[in-house]
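The lines below spell out each chain.
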Amino acid sequence: MDAIKIDNLAYHYEDQAPLFKNFNLTIQAGDWVALVGHNGSGKSTLAKLILGLLERDDGKITVYDLPLTEENLGKAREKMGMVFQNPDNQFVGATVADDVAFGLENQQVPSQDMPAKIEAALKTVGMAAFADREPHYLSGGQKQRVALASVLALQPKIIILDEATAMLDPQGRAAVLQTLKDLKKAYGDQLTLIMITHDMDEASLADRVVVLDDGKLVLDGTPAEVFEAGDQKLKDLGLGLPFSVQVSQALKVQPPHYLNQQELLQWLLTLNK
Ligand SMILES: Nc1ncnc2c1ncn2[C@@H]1O[C@H](COP(=O)(O)OP(=O)(O)OP(=O)(O)O)[C@@H](O)[C@H]1O
Ligand SMILES: [Mg+2]
C-alpha cells in the first residue's frame, strides 16, 4: 500500500525558477523515511505540497489512494499530521490539554470522548503530568512533545516532522526520537513517518533515506545504501555523515560495510577480543 505517491510534480514560487520539475516519489505505508538535503533544497516545500498547504503547478499527489484535489483536501489532511521546527508557532490553547483538544474539536470529536484521547496522547509522549500547564512555559523539548501529542491525538496515518528536533538540546532530541521509535514499534505499518532533518544520525534511524538537491531526488535507499555508496556525494552536497560512518572511516582497520552506531560498537568489541 502506498501512503504517498507523487507523480510528475511541478512547483515554483512566484517570480522564481521552478523548484520541482517532473518530481516523483512513492512512500510505502508504514515506512520511516528521512528526507535530507541542504538549506533551500525543497524539503519544507515538498512537505507543504503533500499537505496541500501549497498548490502545485502540475502533477499528481495521492494520499492513501485519495488524489489530493480541492475536493478531497479535507479528507486527505485528516490522514496527515505535521510537526514544525519551531514549537512556539504551533500552540493555540491556554493549557497543554486545551491545545491537544483544539485539533480534536476541529475534527468534531464528541466532547465526552476528548479527555481520554487527550490523556492517551499526552501519555504517549510522556507529558500527561503537564496537562494543566501553560504551553508557553514549557521547555523547547516539552513543547515539541506536546506538539507531537496534538498530532497523535488525531491518529493520523502519516506524520511529517519538519526539523522537529532542530531546536532541542541532546536530551530533548533523544526524548522525541525515542517517542518516534516507540510509536513506530506500537503502530508498525499503521504509521508512516516522514522526518525532515539535517542530522545524519537522526536520518540513520529511518528505514529509507531520501536526499534532495535543488528539488531533485539525488540519492534514495536504505541508510546502508545511502551512507555507504553515497558518502562522497553527500560530502559534495555539503551534508554530513552519521557519526558511525565518520568513526568507521577514521579507523585504521575499517568495517566491511555500513554499520550504525550499535553495530559499530559490536564490531569494535569483536576487534578487541
Ligand atoms: N514563501 C516562499 N516564497 C518564495 N520562495 C520561497 C518560499 N519558501 C521557500 N522558498 C524558496 O524555495 C526554495 C526551497 O525552500 P525550502 O524551504 O523548501 O527548503 P528546505 O530544504 O526546507 O531548506 P531548509 O533546510 O533551510 O529548511 C529555496 O530556494 C527558498 O528560498
Ligand atoms: Mg525547511
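Here the structure is a predicted model, which means the values were calculated and not measured.

### Re the site of ligand 1
- In the region of ligand 1, 13 residues are neighbours, and Gly-40, Lys-43, Ser-44, Thr-45 and His-198 sit closest.
- Contact distances for ligand 1 include 2.8 Å between an oxygen atom and a backbone N or O atom of Gly-40.
- One of the backbone N or O atoms of Ser-41 is found 3.2 Å from an oxygen atom in ligand 1.
- Compared with its free state, where it exposes 640 Å², ligand 1 has 61% of that area covered by protein.

### Notes on the domain arrangement of the protein
- Assigned domains of the protein: these are domain 1 (2–230) and domain 2 (242–273).
- Computed over C-alpha atoms only, the centres of domain 1 and domain 2 are separated by 31 Å.
- At the junction of the two partners, domain 1 supplies seven residues and domain 2 supplies eight residues.
- In this assembly, domain 1 packs against domain 2 so that about 550 Å² is buried in total across both faces, 62% of it on carbon and sulfur atoms.
- On the domain 1 side of the contact with domain 2, Asp-201, Phe-227 and Glu-228 bury the most area, a combined 67% of that side's loss.
- Viewed at the interface, domain 2 and domain 1 are joined by zero salt bridges.

### Notes on a nonpolar patch on the surface
- Nonpolar side chains collect at one region of the surface, where Val-253, Leu-268 and Leu-271 lie side by side and expose about 240 Å² of accessible area between them.
- Within the secondary structure, Val-253 is located in the loop between α10 (243–250) and α11 (261–272).

### What about the packing of helix α3 (residues 96–106) against helix α4 (residues 114–124)?
- Where α3 meets α4, the closest approach of the two axes is 10 Å, and the angle between their N-to-C directions is 120 degrees. Between α3 and α4 lies a crossing of right-handed hand. Residues Val-96, Ala-97, Val-100, Ala-101, Leu-104 and Glu-105 of α3 touch α4, and the partners they reach there are Met-114, Lys-117, Ile-118, Ala-121 and Leu-122.
- Tallied by class, the residues present in the contact of α3 with α4 amount to nine nonpolar, no polar and two charged.

### Side note on the packing of aromatic side chains
- With the rule as written, the count across this model stands at three aromatic pairs.
- With 5.0 Å between their ring centres and 85 degrees between their planes, Tyr-11 and Tyr-13 make a pair best called edge-to-face.
- Residue Tyr-13 is classed as partly exposed on the basis of its relative accessible area, which comes to 29%.
- The interplanar angle of 35 degrees and the centroid separation of 5.9 Å between the aromatic rings of Phe-227 and Tyr-258 together place this pair among those described as tilted. Taken together, the residues Phe-227 in helix α8 (residues 223–229) and Tyr-258 in the loop between α10 and α11 connect sequence positions 31 residues apart. Exposure class is identical for Phe-227 and Tyr-258. Each is buried.

### Some words on the sheet that holds strand β2 (residues 20–28)
- Strands sit in the order β2-β1-β4-β5 across an open sheet of four strands; the sheet is antiparallel. Of all the strands in the sheet, the pair left with one neighbour each is β2 and β5 (66–67).
- As judged from the two bridges shared by strand β4 (residues 58–63) and β5, these two strands associate in the antiparallel manner. Each residue of the ladder has a partner; that of Val-63, found in β5, is Leu-66.

### Considerations on helix α5 (residues 140–152)
- The end-to-end C-alpha separation of α5 is 18 Å, in line with the 18 Å expected for 13 residues at 1.5 Å each.
- Judged by how many residues are buried, α5 sits mostly within the fold: twelve of 13 residues are covered.
- Within the sequence span of α5, burial applies to Gly-141, Gln-142, Lys-143, Gln-144, Arg-145, Val-146, Ala-147, Leu-148, Ala-149, Ser-150, Val-151 and Leu-152.

### A look at the pattern of salt bridges
- Enumeration over the complete set of coordinates arrives at five salt bridges.
- In this structure, the salt-bridge partner of Lys-5 is Asp-7, at a minimum N-O distance of 3.0 Å.
- Lys-5 gets classed as partly exposed once you look at its relative accessible area, which sits at 29%.
- Owing to a relative accessible area of 23%, Asp-7 belongs among the partly exposed residues under this scheme.
- Salt bridges here are not isolated pairs; linked through shared partners, they connect Arg-173, Asp-199 and Glu-202.

### Some words on the nonpolar core
- If you look at the biggest cluster of nonpolar residues, it comprises 50 residues, and the most contacted ones within it are Leu-180, Val-211 and Phe-227.
- If we ignore the near neighbours within four places in the chain, the residues touching Val-211 are Val-36, Lys-216, Leu-217, Val-218, Leu-219, Val-226, Leu-234, Leu-237 and Leu-239.
- Of all hydrophobic cores here, the second largest spans 32 residues; its members include Leu-19, Val-33, Ile-61 and Ile-160.

### Considering the sheet that holds strand β8 (residues 192–196)
- What the six strands build is an open sheet, ordered β6-β7-β8-β3-β9-β10; its pairing is mixed. Edge positions in the sheet fall to β6 (80–83) and β10 (216–221), since each has one partner strand and no second. Averaged over all pairs of adjacent strands, the angle between their axes in this sheet comes to 15 degrees, without regard to strand direction.
- Sheet topology places strand β7 (residues 158–162) next to β8; five bridges connect them, and they run parallel. The partner of Asp-162 across the bridge, within β8, is Ile-196.

Calculation rules
Every residue gets a number counted from 1 within its own chain, in the order that chain's sequence is written. Chain letters start at A and ligand numbers start at 1, both assigned in the order the entries are written. Confidence filtering applies because this is a predicted model: local features only for residues at pLDDT of at least 70, side-chain atom pairs given and counted only at 80 or more, and all residues used for totals across whole chains, interfaces and linings. Just so you know, side-chain values use all the structure's heavy atoms and leave hydrogens and water out. One heavy atom within 4 Å of a molecule or strand is enough for the residue carrying it to be called near that molecule or strand. N or O atoms closer than or at 3.5 Å make up a polar contact, with two conditions inside protein: a donor-capable atom paired with an acceptor-capable one, and, for residues adjacent in sequence, both atoms drawn from side chains. Shrake-Rupley sampling with a 1.4 Å probe provides the accessible areas, and residues are treated as covered by the protein chains on show and by no other component. All domain edges in this entry derive from an automatic or database-based domain assignment. Note on definitions: a residue-residue contact is assigned when non-hydrogen atoms from the two residues lie within 4.5 Å. The quantity reported as buried area is the accessible area (1.4 Å probe) lost by two parts once they are put together, taken as the sum for both. A carboxyl oxygen of Asp or Glu within 4 Å of a side-chain nitrogen of Lys or Arg is what we treat as a salt bridge. Without a salt bridge and with relative accessible area above 30%, a residue can belong to a patch; like charges are then joined within 9 Å and nonpolar side chains (Val, Leu, Ile, Met, Phe, Trp, Tyr) within 5 Å. Comment: elements are numbered from the N terminus, with helices defined as DSSP H or I runs of at least four residues and strands as E runs of at least two. Inter-axis angles, ranging from 0 to 180 degrees, are taken between N-to-C directions of lines fitted to C-alpha atoms, where helices are fitted over the stretch in contact. Helix crossings fall into two classes, left-handed where the near helix is turned counterclockwise from the far one by less than a right angle and right-handed where it is turned clockwise. Classes in brief: Ala, Val, Leu, Ile, Met, Phe, Trp, Tyr, Cys and Pro nonpolar; Asp, Glu, Lys and Arg charged; the others, Gly included, polar. Two aromatic rings, drawn from Phe, Tyr or Trp (for Trp, its six-membered ring), form a pair once their centres lie within 6.5 Å of each other, and the interplanar angle then sorts them: stacked below 30 degrees, edge-to-face above 60, tilted otherwise. Only protein chains enter the accessibility calculation, which uses a 1.4 Å probe; a residue whose area is less than 20% of its type maximum is buried, one above 50% is exposed, and one in between is partly exposed. Strands were regarded as paired on the criterion that DSSP finds at least two bridges between them. Here, expected helix span is obtained from the residue count minus one, scaled by 1.5 Å. Throughout this description, the term nonpolar core refers to a set of buried Ala, Val, Leu, Ile, Met, Phe, Trp, Tyr and Cys residues connected via side-chain atoms within 4.5 Å.

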